[in-house]
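Letter by letter, the chains look like this.
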Amino acid sequence: MRLSNNLMYQNSVNSILNNQQNVNKAQEQVNTQKRVLTASDDPSATARALLYTDRIQANEQYSKNITMLTSRLKTQDSVLENIKGSLEKAYTLAIQAGNGVYTDIDREGIAEEIKSIQSSVLDLMNAKTEDGKYIFSGYQDNTQTYSLDSSTGKYVYGGDQGQHKIKVAEGVEIKSSDNGVDTFEKVNARLDVASNDGVASGGITSAKVYVREQAQFDSFHKANYNADPAAAVGANTFNIITTPGTPNTYQVEQGGSVISSGSFEGSKIKFAGMEIDISPVANGQVDFTLEAPKKENILNTLSDLIAGLTDPTISQEDYDQVLASAMVQIDNSKNQVSLTQAGLGGRLNTAEKITQSNSDLDVNNKSSRADLIELDMAEAITELTKQETALQASQATFGRLAKLSLFDYL
């Protein structure tokens, strides 16, 4: 094969250009610290690296979500802690109001303090997130959580039972809020009789029924109350039949069956935490009915307490009942708030563990992606040196070939 000068020049130029491309590629790899510069360099590695990149970006979003979640849960916990502190103060004032030497003026003073507490609790229950959403309104977070219904004088809940969730990992969502139903509405009201006025018959002309020992009455109520909507009328009504004598005796019947009996002194029968005051002591019967269990939010509980404190015409017995109801319901409200806080703490712990897990996954994903497309600097510099040497050799060879002529052989 004959080699023309043109062919020799062309081959030399092509060799120099190829070596320059190799040098440029090696330099770009060192500059970018990436082994794979284009998909064509290693299609398989590029495709797998894209998957790891997607996972890394998803983890970055999860980290932002966890930061938002943690902030909202801590804000809610702070609000609930302040509510609980206010309720503890209200509970102390309710105990203080039971002081028998307090005058109407003293009671009004306590009522003013409780009004201030009620206003503070209302503001806290209507607390908002950093973006202006009501914390405890569920999905209806643009609606005020609690407001006063002027027609009934009761505070009513304006939200729903929804709970917002934030995705913090693949397949994992954590609740970022608690609604007012679960936090404030599911508070058990004090168990009581349906009416303090017992239905008297026979020789008894009047009777009063009051709960004096709440724990005993609660046990009796829970054991005997029939919550079946289809139950017969009077299923929760009990009959106390009295027989005067030495001593006076009574028996308690329900539906014609005797469930208890005993004796009493004076005109007061003490049974299952209740005190039944009859007049006169005679052969007769007193009927009382158990009140259905119900729920009551703390704002209405405080309203009832304020009303009792500011009513100068209320009897001492009824006043005692108002205080008893307030203390039981305030205590139940505190317990419900504490239960919600416990749930918040569990979610915060879960978020912290997921943060650690996501961080570990992020390290693994970045390491795996680096193994696929990133550069070993020692190897890259060695490759760059090799390509530069090859380029220099090509250039030197071309220089020598360019000086060749027929006269060099003569």
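In case you missed it, the structure is sitting above this.
Notes on the structure follow. Fair warning: this is a prediction, and the values are worked out from it, not measured in the lab.

### Brief notes about the side chain of Thr-242
Following the sequence through the fold, Thr-242 ends up in strand S7 (residues 237–243). A polar contact of 2.6 Å, which involves the side chain of Thr-242, links it to the backbone oxygen of Ala-282. With near-sequence residues (within four places) excluded, Thr-242 lies in contact with Ile-204, Thr-249, Tyr-250, Phe-264, Ile-269, Ile-278, Ala-282, Asn-283 and Gly-284.

### What about the nonpolar core?
Most often, soluble globular proteins have nonpolar side chains that are buried together. Among the nonpolar cores identified, the biggest contains 46 residues, and Ile-83, Ile-114, Val-121, Met-125, Phe-184 and Leu-309 are the most heavily contacted of them. If you list the elements that add at least two residues to this core, you get helix H2 (43–97), helix H3 (104–125), strand S2 (154–157), strand S3 (165–169), helix H4 (180–185), helix H6 (298–309) and helix H7 (316–373). Top element by residues in this core is H2. It accounts for 11 residues. Apart from the residues lying within four places of it in its own chain, the contact partners of Val-121 are Ile-83, Ser-86, Leu-87, Ile-298 and Leu-299. In terms of nonpolar packing, the next biggest core, distinct from the first, is built from 22 residues, Val-193, Ala-272, Met-274 and Ile-278 among them.

### Quick notes on the sheet that holds strand S11 (residues 274–279)
With antiparallel pairing, the 3 strands of this open sheet are ordered in space as S6-S11-S10. Both outer strands of the open sheet, strand S6 (206–211) and strand S10 (268–271), are each paired with one neighbouring strand and no more. Strand after strand, the sheet turns through a mean of 20 degrees between neighbouring axes, direction not considered.

### Digging into the sheet that holds strand S8 (residues 248–254)
The sheet built from 5 strands is open, its strands ordered S5-S12-S7-S8-S9 with antiparallel pairing. Strand pairing shows two members of the sheet lacking a second neighbour, strand S5 (199–202) and strand S9 (257–264), which therefore form its edges. Each adjacent strand pair in this sheet contributes to an overall mean axis angle of 20 degrees, direction not counted. Alignment of S8 against S9, held across 7 bridges, turns out to be antiparallel. Across the sheet, Glu-253 pairs through a bridge with Val-258, a residue of S9.

### A look at the packing of H3 against H6
Axes are the key here: two packed helices are described by the angle between their axes and the distance separating the axes. Remark: H3 packs on H6, axes separated minimally by 9 Å, with the N-to-C direction vectors making an angle of 165 degrees. With respect to each other, H3 and H6 are oriented roughly antiparallel. Helix-helix and strand crossings are classified by hand; for H3 and H6 the assignment is left-handed. Contact residues: Arg-107, Glu-108, Ile-110, Ala-111, Ile-114, Lys-115, Gln-118, Val-121, Leu-122 and Met-125 in H3; Ile-298, Leu-299, Leu-302, Ser-303, Leu-305, Ile-306 and Leu-309 in H6. Of the residues in the contact of H3 with H6, the class split is 12 nonpolar, 2 polar and 3 charged.

### Some thoughts on the packing of aromatic side chains
Inspection of every chain in the model, using the stated rule, returns 7 aromatic pairs. For the ring pair Tyr-146 and Tyr-157, a centre distance of 5.5 Å and an interplane angle of 50 degrees mean the geometry is tilted. Of this pair, Tyr-146 sits in strand S1 (residues 146–149) while Tyr-157 sits in strand S2, placing them 11 residues apart in sequence. As far as the burial class goes, Tyr-146 and Tyr-157 line up, both buried. When the ring of Phe-220 is compared with that of Phe-271, the centres are 5.2 Å apart and the planes differ by 75 degrees; the resulting orientation is edge-to-face. With Phe-220 in helix H5 (residues 214–224) and Phe-271 in strand S10, this residue pair connects regions lying 51 residues apart in the sequence.

### Topic: the pattern of salt bridges
Applying the stated criterion to the full structure yields 13 salt bridges. Asp-304 is the partner of Lys-154 in a salt bridge, and the nearest nitrogen-oxygen pair spans 3.9 Å. With a gap of 150 residues between them, Lys-154 in strand S2 and Asp-304 in helix H6 connect regions that are remote in the sequence. Given the relative accessible area of 31%, Lys-154 is considered partly exposed. Judged by relative accessible area, Asp-304 falls into the partly exposed class, the value being 39%. Residue Glu-275 is joined to Arg-212 by a salt bridge in which the shortest nitrogen-to-oxygen separation is 3.5 Å. Remark: Arg-212 occurs in the loop between S6 and H5 and Glu-275 occurs in strand S11; sequence separation between them is 63 residues.

Cut-offs used in this document
Residues numbered from 1 in each chain as written. Predicted model: local features only at pLDDT ≥ 70, side-chain atom pairs only at ≥ 80, totals over all residues. Heavy atoms only, no water. Helix = DSSP H or I, 4+ residues; strand = E, 2+ residues; numbered from the N terminus. Polar contact = N/O pair within 3.5 Å; in protein donor to acceptor, adjacent residues only side chain to side chain. Contact = heavy atoms within 4.5 Å. Core = buried A, V, L, I, M, F, W, Y, C linked by side-chain atoms within 4.5 Å. Buried < 20%, exposed > 50% of the residue type's maximum accessible area, 1.4 Å probe, protein only. Pairing = 2+ DSSP bridges. Axes fitted to C-alpha atoms, helices over the stretch in contact; angles between N-to-C directions. Parallel < 35°, antiparallel > 145°, perpendicular 65-115°, else oblique. Left-handed = near helix turned anticlockwise from the far one by under 90°. Nonpolar A, V, L, I, M, F, W, Y, C, P; charged D, E, K, R; others polar. Phe/Tyr/Trp six-rings, centres within 6.5 Å; stacked < 30°, edge-to-face > 60°. Salt bridge = Lys/Arg side-chain N within 4 Å of Asp/Glu carboxyl O.

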